[in-house]
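Descriptive analysis of the structure
Here are the chains, one letter per residue:
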Amino acid sequence: KEAAPKRRRVQELEAAQEEATMKLAARLSDLDEAALQTKTLDEEYKAARATLDQLQGEKDMADQRLEGARVLTSSLSSKREKWISQVSNHGAQLNRLPGNMLTAAALVTFA
């Protein structure tokens with residue numbers, strides 16, 4: 001009499017253990033999948049971060065070049081005014097050149 005209820009209880013516990021084992025296997029599988037996904041995302045993050053660092057370096061270099069170009073443009077714009085002034089002075093000197101030559105020739109002739 002006592003053995004039948006105990007056998008039934010053992011069978012119920014074995015069935016519960018089997019069900020728990022299957023649930024555990026499913027959870028472990030989900031955990032492995034999540035770990036794999038986490039690893040994949042981590043690798044993607046590292047690659048994206050490396051690309052970001054490279055692009056940041058290129059941006060910094062471009063900013064330095066841009067600042068150099070600004071300085072150069074600024075200095076050349078001040079030189080431009082000087083060059084325009086010099087060109088007009090040379091033009092005036094060219095206009096006076098024939099008269100200066102005649103004056104020099106007259107002085108050489110009368111001297």
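Just above, that's the structure.
Owing to the predicted nature of the structure, the values given are computational and were not obtained by experimental measurement.

Here is what the cut-offs are and how they apply
- Residues numbered from 1 in each chain as written.
- Predicted model: local features only at pLDDT ≥ 70, side-chain atom pairs only at ≥ 80, totals over all residues.
- Heavy atoms only, no water.
- Salt bridge = Lys/Arg side-chain N within 4 Å of Asp/Glu carboxyl O.
- Helix = DSSP H or I, 4+ residues; strand = E, 2+ residues; numbered from the N terminus.
- Buried < 20%, exposed > 50% of the residue type's maximum accessible area, 1.4 Å probe, protein only.
- Polar contact = N/O pair within 3.5 Å; in protein donor to acceptor, adjacent residues only side chain to side chain.

Turning to the pattern of salt bridges, a few remarks are in order. For the coordinates displayed, the defined rule picks out 7 salt bridges. K23 is paired through a salt bridge with E19; the nearest N and O atoms lie 3.4 Å apart. Of this pair, K23 and E19 both sit in helix 1 (residues 3-110), separated by 4 residues, roughly a single helical turn. The partner of E67 in a salt bridge is R70, and the shortest N-O contact between them spans 3.6 Å. Of this pair, E67 and R70 both sit in helix 1, 3 residues apart, roughly one helical turn. We classify E67 as partly exposed; its relative accessible area is 43%.

This part takes up the environment of K39. Residue placement: K39 occurs in helix 1. Residue classification places K39 among the exposed positions, given a relative accessible area of 52%.

A separate point is the environment of S75. Turning to its location among the elements, S75 is positioned in helix 1. Judged by relative accessible area, S75 falls into the partly exposed class, the value being 34%. In the structure, S75 is positioned 40 residues away from A35 in sequence and 59 Å away in space, judged by C-alpha atoms. At a separation of 2.9 Å, a polar atom in the side chain of S75 contacts the main-chain carbonyl oxygen of L72.

Just distances and angles here, no functional claims.
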